[in-house]
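Single-letter residue listing:
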Amino acid sequence: AGENRWIAERMSLMGKTTVITGGARGIGLALAEAAAEAGSNLAILDVLDKPQRDLSELGVKAEYYRTDVTKMDMLEETFGRISREFGRIDNCVTAAGIVADKPFFEHKWDDCERLLKVNVLGTFFCAQLAAKAIREQGTGGSLVLIASIASHMAIPLQRLTMYGATKGAVRVLMTQLAVELAPWNIRVNTISPGFIRTDMTELCAVQQPELYSVFSSAPPLGRIGEPSDIAGAVNYLLSDAASYTTGADISITGGLIGG
Ligand code: NAD
């Protein structure tokens, strides 16, 4: 029983401040809910008018910052406000991401630029701003970047060519950052989700309706994932229980990616 208490204590996020990009809906929102349930205060960034759920009802401090992760001025201002309003930043989860809305042969330069800006540069600069704040505090911290199964394997889906490349970049960023930020005890890891039921998969399935059956029959566990399926691993990575875990990728795909 003593051992269980040790784990429970280290899994707690009580008193920490977690920044979550793309936290207004989908996977980001589920991660915000789970972090709040473990006691973390939340700074949620997204481009939507408001989050789908107000998480201050879970008894933590939860603020919403309408911020586009591709706008550097806005990002700097938001991270400055978070540091002032919360007094600290301990963790950052980058879930803001987009998928292409057209197949490979229809991609224009601007479509690719947009994907790279949101998925790669937005991730890079959020990680940089969070790491600067954590370095100044001298407390250590944890960054979790959301990559994708599309960075590990080819998927029979029309829109994932450049998207997959951006998620590959996110995983390489993670391995580099894990080394770069280790001297400040800032741990950096990625999660690679498989098929998860959100507006993003809905968007893909609108043009390829047969994808619904791929999403649910391809994973060995025999179902599509839910946003909450991602949350336990992220809470672990944000917590002190993961104090020796950095530079790692955790695939959460219902068994699609083997070891
Ligand atoms: P989603 O579209 O439901 O949520 C993404 C959120 O990011 C939205 O709230 C959106 O408004 C926000 N966002 C988009 N551009 C932004 C910007 N410029 N600045 C700030 N916020 C922005 O999608 P989701 O499925 O919840 O995806 C979350 C993350 O998980 C993404 O990075 C996605 O690539 C990744 N992912 C999803 C799946 C899946 O099957 N759903 C699989 C693998 C990886």
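Residues numbered from 1 in each chain as written. Predicted model: local features only at pLDDT ≥ 70, side-chain atom pairs only at ≥ 80, totals over all residues. Heavy atoms only, no water.

Caption draft 1: The arrangement of the overall build of the protein chain in detail. Looking only at helices and strands, the protein chain has eight helices and seven strands in total. The C-alpha radius of gyration computed for the protein chain amounts to 18 Å, which stays within 12% of the reference 18 Å derived for 259 residues, consistent with globular compactness. Principal axes of the C-alpha set define a box for the protein chain whose edges measure 50 × 50 × 35 Å. Each of the 259 residues in the protein chain was classed as buried or not, and the buried ones make up 49%. By sequence separation, contacts in the protein chain at least 24 residues apart represent 68% of the contacts at least 6 residues apart. A total of about 12400 Å² of accessible surface is found on the protein chain, and carbon and sulfur atoms cover 54% of it. Positive and negative charge centroids in the protein chain, built from 24 and 29 side chains respectively, lie 2 Å apart. (Helix = DSSP H or I, 4+ residues; strand = E, 2+ residues; numbered from the N terminus. Rg over C-alpha atoms; globule rule 2.2 N^0.38 Å. Buried < 20%, exposed > 50% of the residue type's maximum accessible area, 1.4 Å probe, protein only. Contact = heavy atoms within 4.5 Å. Areas by Shrake-Rupley, 256 points an atom, 1.4 Å probe, with all protein chains shown as cover. Lys, Arg positive; Asp, Glu negative; His and termini not counted. Charge placed at Lys NZ, Arg CZ, Asp CG, Glu CD.)

Caption draft 2: Up close: the site of the ligand. The ligand sits among 29 residues. The nearest are Arg25, Ile27, Asp46, Tyr163 and Thr198. In this structure, an oxygen atom belonging to the ligand sits 2.8 Å away from a side-chain N or O atom of Arg25. Asp46 places a side-chain nitrogen or oxygen 2.6 Å from an oxygen atom of the ligand. Protein chains bury 96% of the 820 Å² of accessible surface belonging to the ligand in isolation. Elements with a minimum of two residues in the shell around the ligand: helix H2 (26-37), helix H4 (109-137), helix H5 (160-181) and helix H6 (199-207). Among the elements that take part in the shell around the ligand, H6 stands out by supplying three residues, more than any other. For the shell around the ligand, a count of residues per class yields 15 nonpolar, eight polar and six charged. (Near = heavy atom within 4 Å. Polar contact = N/O pair within 3.5 Å; in protein donor to acceptor, adjacent residues only side chain to side chain. Nonpolar A, V, L, I, M, F, W, Y, C, P; charged D, E, K, R; others polar.)

Caption draft 3: Broad picture of the environment of Gln128. Take Gln128: it is sitting in helix H4. Along the primary structure Gln128 and Tyr163 are separated by 35 residues, whereas in three dimensions their C-alpha atoms are 22 Å apart.

Caption draft 4: Summary view of the sheet that holds strand E5 (residues 141-146). Spatially, seven strands are ordered E3-E2-E1-E4-E5-E6-E7 in an open sheet, and the strand pairing comes out parallel. Either end of the sheet is taken by a strand with one partner, and the two such strands are strand E3 (62-66) and strand E7 (249-252). Averaged over all pairs of adjacent strands, the angle between their axes in this sheet comes to 15 degrees, without regard to strand direction. In this sheet, strand E2 (residues 41-46) lies alongside strand E1 (residues 17-21) in parallel orientation, the contact comprising five bridges. In the strand pairing of E2, Ile20 is matched with Ile44. Strand contacts of H5: E5, strand E6 (186-193) and E7, with the helix running at about 160 degrees to E6, the strand carrying the most contacts. (Pairing = 2+ DSSP bridges. Axes fitted to C-alpha atoms, helices over the stretch in contact; angles between N-to-C directions.)

Caption draft 5: Local environment of the nonpolar core. Formed by 30 residues in total, the largest nonpolar core has its most connected members in Val19, Phe79, Ile82, Leu143 and Val188. Contributing elements (two or more residues each) for this core: E2, helix H3 (72-86), H4, E5, H5 and E6. Among the elements that take part in this core, H4 stands out by supplying eight residues, more than any other. In this structure, Ile27, Leu29, Val144 and Ile146 belong to the second largest nonpolar core, which totals 27 residues. (Core = buried A, V, L, I, M, F, W, Y, C linked by side-chain atoms within 4.5 Å.)

Caption draft 6: Inspection of the packing of aromatic side chains at higher detail. Scanning the entire structure with this criterion turns up three aromatic pairs. For the ring pair Phe104 and Phe105, a centre distance of 5.0 Å and an interplane angle of 65 degrees mean the geometry is edge-to-face. The class for Phe104 is partly exposed, based on a relative accessible area of 48%. With 4.8 Å between their ring centres and 80 degrees between their planes, Phe124 and Phe125 make a pair best called edge-to-face. A cation over an aromatic ring shows up here: Lys61 above the ring of Phe86, its NZ or CZ 4.8 Å from the ring centre. Cation over ring: Arg135 sits above Trp184, and NZ or CZ is 5.9 Å from the ring centre. (Phe/Tyr/Trp six-rings, centres within 6.5 Å; stacked < 30°, edge-to-face > 60°. Lys NZ or Arg CZ within 6 Å of the ring centre and 35° of its normal.)

Caption draft 7: Structural context of the side chain of Thr18. The residue Thr18 is located in strand E1 in this model. Owing to a relative accessible area of 0%, Thr18 belongs among the buried residues under this scheme. Here Ser40 takes part through its side chain, which lies 2.7 Å from a polar atom of the side chain of Thr18. Of the polar contacts made by the side chain of Thr18, one reaches the side chain of Asn91; its length is 3.2 Å. Apart from residues lying up to four places away in sequence, Thr18 is in contact with Ser40, Asn41, Leu42, Ala43, Asn91, Val93 and Leu238.

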